[in-house]
Amino acid sequence: MWSFFHKLGSPPWLYSISGVILRWLLPITLVALAVGLTWGLLFTVPDFRQGNSYRIIYIHVPAAVVALAGYYVMAIAGAINLIWKMKMADVAMKSAAPVGAALTFVALLTGAIWGKPTWGTWWVWDARITSMLILLFLYLGVIALYEAFDNKEAAGKACAVLCLVGMVNIPIIYKSVDWWYSLHQPASIKFTGDSSIDTSMLYPLLLTIAAFYALFTCCLLMNMRAELLQRGARTSWVKKLALAGKST
Amino acid sequence: MYFDSFDALLTMGGHGGFVWSAYLITILVMAAILIAPGRRRKKFLRQLAGELKRSRGDPNITEEEV
């Protein structure tokens, strides 16, 4: 158990094991994305009320769900870095931010595109949408704050604090559709009780959610690998890797 | 497939523009976040290899400094 944590703190080990994981996870992710999105886009029946516009659900919901999950990853990594000063946690926090920002952007944008035919407007200052916009600003804030510091240790600490303070936003996003019921519909999938979505729509949605989780994991690992190399530019294992000319 | 013609697939009963643009933009963003980290990593390795090779050719720098 402890040896695992020791290995986790070792950049060369993390670099090589993530390479092995990606060799499998990346193709699986791409196939799952292709199957899930094609299924939702072409093979499901339209919603009886929203018609075909509802097909956006297969990108909007997974992007939003994983954007939130990504924030947990980033904030937990930040906390680990603050408490135990674990360098790898700082690498993970920094690497999660751009992926989370991209997914939050996708969730907001597809939400706006879905809103036009469904609600008649691209944008409304609804609680769910506003709190997701704040999530995007939190992600962008972490990226900008990290770049603003020359001292990367101080940058990591400041970003970790920002991540943790930003956690306040997470329960607001979850509960916003129940607390301030306006245009955004409440959750259709529930862990407890019956989901209000037909299984013919639920299965492709679950597949795309899983695929988006895998996508996040792949992008996080790939960002971490690039970051590990840049931080280790003066170490012998990185130099050896560069001189070997192998990029895998 | 749900749609019985290519035309129906494109228009989606009037929602085609919304659905297709949402999917297209999403796929572009996905491609960007999938491609960018690998490019950054490979570019860094290439640059570092170049620097190391140059400094090796420089007689003023000892092997320890490389």
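Residues numbered from 1 in each chain as written. Chains lettered and ligands numbered in written order. Predicted model: local features only at pLDDT ≥ 70, side-chain atom pairs only at ≥ 80, totals over all residues. Heavy atoms only, no water.

1. Quick notes on the packing of aromatic side chains
All names here are of chain A.
Phase 1: One pass over the structure, following the stated rule, counts five aromatic pairs over all chains.
Phase 2: Arranged with centres 5.6 Å apart and planes meeting at 70°, the rings of Y71 and Y139 form a pair that is edge-to-face. With Y71 in helix α3 (residues 57-84) and Y139 in helix α5 (residues 127-148), this residue pair connects regions lying 68 residues apart in the sequence. The burial state of Y71 is the same as that of Y139; both residues are buried.
Phase 3: Ring plane angle 75° and centroid distance 5.4 Å describe the contact between W123 and W125, whose orientation is recorded as edge-to-face. (Phe/Tyr/Trp six-rings, centres within 6.5 Å; stacked < 30°, edge-to-face > 60°. Helix = DSSP H or I, 4+ residues; strand = E, 2+ residues; numbered from the N terminus. Buried < 20%, exposed > 50% of the residue type's maximum accessible area, 1.4 Å probe, protein only.)

2. Remarks on the pattern of salt bridges
Phase 1: For the coordinates displayed, the defined rule picks out four salt bridges over all chains.
Phase 2: A salt bridge links R40(B) to E227(A); its shortest N-O distance comes to 2.5 Å. Here E227(A) lies in helix α8 (residues 199-231) and R40(B) lies in helix α2 (residues 16-57), a pairing that spans two chains.
Phase 3: On the accessibility criterion, R40(B) (28% relative accessible area) is partly exposed.
Phase 4: Members of the salt-bridge network, linked through shared partners, are D90(A), K94(A), E227(A), R231(A) and R40(B). (Salt bridge = Lys/Arg side-chain N within 4 Å of Asp/Glu carboxyl O.)

3. With respect to a positive patch on the surface
Residue and element names in this part refer to chain B.
Phase 1: A grouping of R39, K42, K43 and R46 is seen on the molecular surface, where their side chains present a positively charged patch.
Phase 2: Along the chain, R39 turns up in helix α2.
Phase 3: Residue R39 is classed as exposed on the basis of its relative accessible area of 62%. (Patch = residues over 30% accessible without salt bridge, like charges linked within 9 Å, V, L, I, M, F, W, Y side chains within 5 Å. Areas by Shrake-Rupley, 256 points an atom, 1.4 Å probe, with all protein chains shown as cover. Lys, Arg positive; Asp, Glu negative; His and termini not counted. Charge placed at Lys NZ, Arg CZ, Asp CG, Glu CD.)

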